[in-house]
Amino acid sequence: MLMDYDQNEVPVKMLKISRQPPKLNGGRNPKDRLVSPTIQCILIQFLAKHPDASIVYICDNNDGLAQARHRLFNNWFMPRNQDFVKYDTTEHHHKHRFYASMITGVKNPQGKYVMDAFYKTLDWYFPDDEQPLICDSQFYDYNN
């Protein structure tokens, strides 16, 4: 749940991706080239089926690898797909070892509202952020 500026709850879907832990002998799991296209397909199909939905992805940091997960998810995100937009946590949140993203459809009528709620919720959890949020406005007409 996110919170908007009037303290109303804003429902979003959560995305959880897990994998097998590394081999016990200290080795690494082999890279699977199908992971990225599979996750992209799941996101595309879900958001196509639910055009008013948004998805929040929070990187688990129990093992100290949240930053690596965030970088990997950025690489997986559909860079050539113009139907979706992704909003990320800022450097301030990263100083707290918190990494997250929100994905929504460009044509989502609630897109700007949910994006605002995403950043408002982050402000609530990290109130010492004195820097104003700079949001990419190329996807929305803020005059409407």
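All values reported here derive from a predicted model rather than from experimental measurement.

Caption draft 1: Broad picture of the overall build of the protein chain. A tally of helices and strands in the protein chain yields four helices and six strands. Beginning at the N terminus, the succession of helices and strands in the protein chain can be written as β-β-β-α-β-α-β-α-β-α. The burial tally for the protein chain puts 35% of its 144 residues in the buried class. Sequence-distant contacts, at least 24 apart, represent 61% of the contacts inside the protein chain between residues at least 6 apart. Counting every atom, the protein chain has about 10,200 Å² of accessible surface; 51% of that belongs to carbon and sulfur.

Caption draft 2: Representation of the pairing of strand S6 (residues 100-105) in the model. The buried fraction of S6 is high, at six of six residues. Of the two faces of S6, the one holding Ala-100, Met-102 and Thr-104 and the one holding Ser-101, Ile-103 and Gly-105 are both buried throughout. Of the pairings in the sheet, the one linking strand S4 (residues 54-58) to S6 comprises five bridges and is antiparallel in character. When the sheet's bridge partners are listed, Ser-54 is paired in S6 with Thr-104. Looking at chain direction, strand S5 (residues 84-88) and S6 are connected through five bridges and run antiparallel. The residue of S6 that forms the bridge with Val-85 is Thr-104.

Conventions and cut-offs
Residues numbered from 1 in each chain as written. Predicted model: local features only at pLDDT ≥ 70, side-chain atom pairs only at ≥ 80, totals over all residues. Heavy atoms only, no water. Helix = DSSP H or I, 4+ residues; strand = E, 2+ residues; numbered from the N terminus. Buried < 20%, exposed > 50% of the residue type's maximum accessible area, 1.4 Å probe, protein only. Contact = heavy atoms within 4.5 Å. Areas by Shrake-Rupley, 256 points an atom, 1.4 Å probe, with all protein chains shown as cover. Pairing = 2+ DSSP bridges.

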